[in-house]
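# Reading the structure
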Amino acid sequence: MSETHHLRAPTRCESSDSRATGRRYHRKYAQGGVDLEHLRLATKLSAMAGFDGLKSADRQDPSGDRQRVNQELLQIHETLQERFGFTADRAFRHAGSKSQNDPVATEGFVAHRERTPEQPKQVVLAYGNSSAALRRLSAADGGDWVPFEPVKEARRQQRGLQSLLACGIGMDVAKPFVNDVMYEAFLPSLEDIDRCVLPHLQMSEPIQLMVTGHGFGGALATQAVAYIFKKFDFLNSPHRVCLVTTGQPKVGDAKFAQLLDREAKRLAAQGQCTMARLVSTTDVVPLLPLGHGHKHWSGLCLLTSMGELIVDPCVEERLQVKDQRAFIMQAICHDARDSVGRYLGTLQQVNPEPKLHQPRAALPVLPSRCGPHAKRCGVDMADTHMVHFTSTGTVW
């Protein structure tokens, strides 16, 4: 866990039944670490990164309706400028492999906002969610393991060579591994990072780089930060990086998570890095992929249904239903469009200055909105526990 995520002792609180232990967010102790306004901004930007207005047919064959795609891109440019004061440098949409039954499109944008007297220049890289990718992750196999070698892949792209994944070479078992569904979706955006993000970091003017994504987009944002860490030395620059994801699935193995955490902690010690992984107690996506040894990176910030933001909680991941995959698939299909909206709504409810030492109600064992999904799957509600919180256990 990066040191920037630990708030001071006065904000520490424990639930009455010891199912959760964490630190309630408080603006007074947030300097240099998790900032509520940054979380809200990042979530709003990630909500814009997916082209939710496109029909499913357009998603499978983006060339089928170029005019509609161009309209979506134009809307992103206009909204970024009007609502947030950002200038869009690049909006991208890379189609998934046509050989896949449910192709995964990679969507997002790069934008910047000039320096003001109150804040430095900001650059944002945002990735959109993909319900097709989440369906693949919730399938029986959940994907395979592949080494995380984006620098090699970027060099091959520049030379016009075939991907390492396609030709089956360069599989170094000593490397950190990631899920192949996420990695294949991330690789097409390497060119966008190289052309539109890294040039900003070559400038001497201090820059705050914000990388964000919702759902599957959070997995892509995580890989993007890991790639940027390999390509750029933040310690010898005036820049700082902020990674914010909302409801992302697990990306890689324990080694990948450890390497990412180690670099983040090294930069955080110099005030140059903040990483926050927002998870709602009513979201099933962070449980994916199931049973493959995937590990989350640190930086957990838990959003409760009571509108509380708990920083660095100790939680235990547990999903006890008769058919876990059917349960998750139903939830994904039902919530694909309004998931980010719920995150935004809950973030707006968070009190930035809660009373210290205020007793906190026990976190719910079973989110009420999961009832319809459980019933559709034929699950007895008395036998259902989506998330159980405890003072010790596996970090979700």
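Up top you'll find the structure we're talking about.
Please read these numbers as outputs of a predicted model, since none were measured by experiment. Starting afresh in each chain, residues are numbered from 1 along the sequence in its written order. Local features are withheld for residues below a pLDDT of 70 in this predicted model, meaning they are given only at 70 or higher, and side-chain atom pairs are given and counted only at 80 or more; totals for whole chains, interfaces and linings count all residues. The side-chain values count all of the structure's non-hydrogen atoms but skip hydrogen atoms and water molecules.

Right, let's get into the packing of helix α5 (residues 150-158) against helix α10 (residues 216-231). As a packed pair, α5 and α10 sit with axes 10 Å apart at the nearest point and diverge in direction by 80°. If you check the angle between α5 and α10, you find them roughly perpendicular. Judged by residue contacts, Pro150, Val151 and Ala154 of α5 engage Tyr227, Lys230 and Lys231 from α10. Considered class by class, the residues forming the contact of α5 with α10 number 4 nonpolar, no polar and 2 charged. In this analysis, axes come from line fits to C-alpha atoms, helices being fitted only over the stretch in contact, and the angle between any two N-to-C directions falls in the range 0 to 180 degrees. What counts as a helix is a DSSP run of H or I of at least four residues, what counts as a strand is a run of E of at least two, and both are numbered from the N terminus. Each angle is binned into one of four classes, with values under 35 degrees roughly parallel, values over 145 roughly antiparallel, values of 65 to 115 roughly perpendicular, and all other values oblique. Note on contacts: a residue pair qualifies if any of its non-hydrogen atoms lie within 4.5 Å across the two residues. Amino acids outside the nonpolar list (Ala, Val, Leu, Ile, Met, Phe, Trp, Tyr, Cys, Pro) and the charged list (Asp, Glu, Lys, Arg) are all regarded as polar, and Gly is one of them.

With 14 residues, helix α1 (residues 36-49) extends 20 Å between its outermost C-alpha atoms, agreeing within 8% with the 20 Å of an ideal straight helix rising 1.5 Å per residue. In this scheme, a residue with accessible area under 20% of its type's maximum is buried, one over 50% is exposed, and one in between is partly exposed, where area comes from a 1.4 Å probe on protein chains only. Taken across its 14 residues, α1 has 10 buried, putting it largely inside the fold. Within the sequence span of α1, burial applies to Leu36, Leu39, Arg40, Leu41, Ala42, Thr43, Leu45, Ser46, Met48 and Ala49. Nitrogen and oxygen atoms within 3.5 Å of one another constitute a polar contact, given that in protein one can donate a hydrogen and the other can accept it, and given that sequence-neighbouring residues count only through two side-chain atoms. Regarding α1, its N-cap is Asp35, as a side-chain oxygen of that residue lies 3.0 Å from the backbone nitrogen of Glu37 further along. The length a helix should cover is 1.5 Å for every residue beyond the first.

Here we take up the nonpolar core. In this structure, Leu125, Tyr127, Phe186, Ile193, Leu209, Phe216 and Phe234 are the most contacted members of the largest nonpolar core, which totals 55 residues. Here this core takes 10 residues from α10, the largest share from any one element. The contact partners of Leu125, leaving out residues within four places of it in the chain, are Phe92, Phe109, Val110, Ile193, Val197, Met210, Val211, Thr212 and Ala224. With 32 residues, the next largest nonpolar core counts Leu80, Phe109, Ala111 and Ala126 among its residues. Remark: nonpolar core denotes a set of buried residues (Ala, Val, Leu, Ile, Met, Phe, Trp, Tyr, Cys) joined through side-chain atoms within 4.5 Å.

We now examine unusual backbone geometry. Looking along the chain, the bond that leaves Leu288 and enters Pro289 is cis, with omega of -15°. Relative to the assigned elements, Pro289 resides in the loop between β10 (273-280) and β11 (300-303). Its identity is not glycine, yet Asp312 carries a phi of approximately 55°, on the positive side. Here Asp312 shows up in strand β12 (residues 309-314).

On to the pairing of β10. Among the 8 residues of β10, 8 are classified as buried, and the element is accordingly described as predominantly covered. A two-sided burial pattern is seen for β10, the buried positions comprising Cys273, Met275, Arg277 and Val279 on one face and Thr274, Ala276, Leu278 and Ser280 on the other. The sheet contact formed by strand β9 (residues 240-246) and β10 spans 6 bridges and is parallel. Opposite Thr245, over in β10, you have Arg277 as the bridge partner. Every crossover in which the path from the first strand over the helix to the second runs clockwise, viewed with the strands pointing away from the viewer, is termed right-handed. Tracing the backbone out of β9, into helix α11 (residues 254-268) and back to the parallel element β10 gives a crossover that is right-handed. Only strands joined by at least two bridges in the DSSP assignment are considered to pair. Strand direction decides the pairing type here: β10 and β11, joined by 4 bridges, are parallel. Note that in β11 the partner of Leu278 across the bridge is Cys301.

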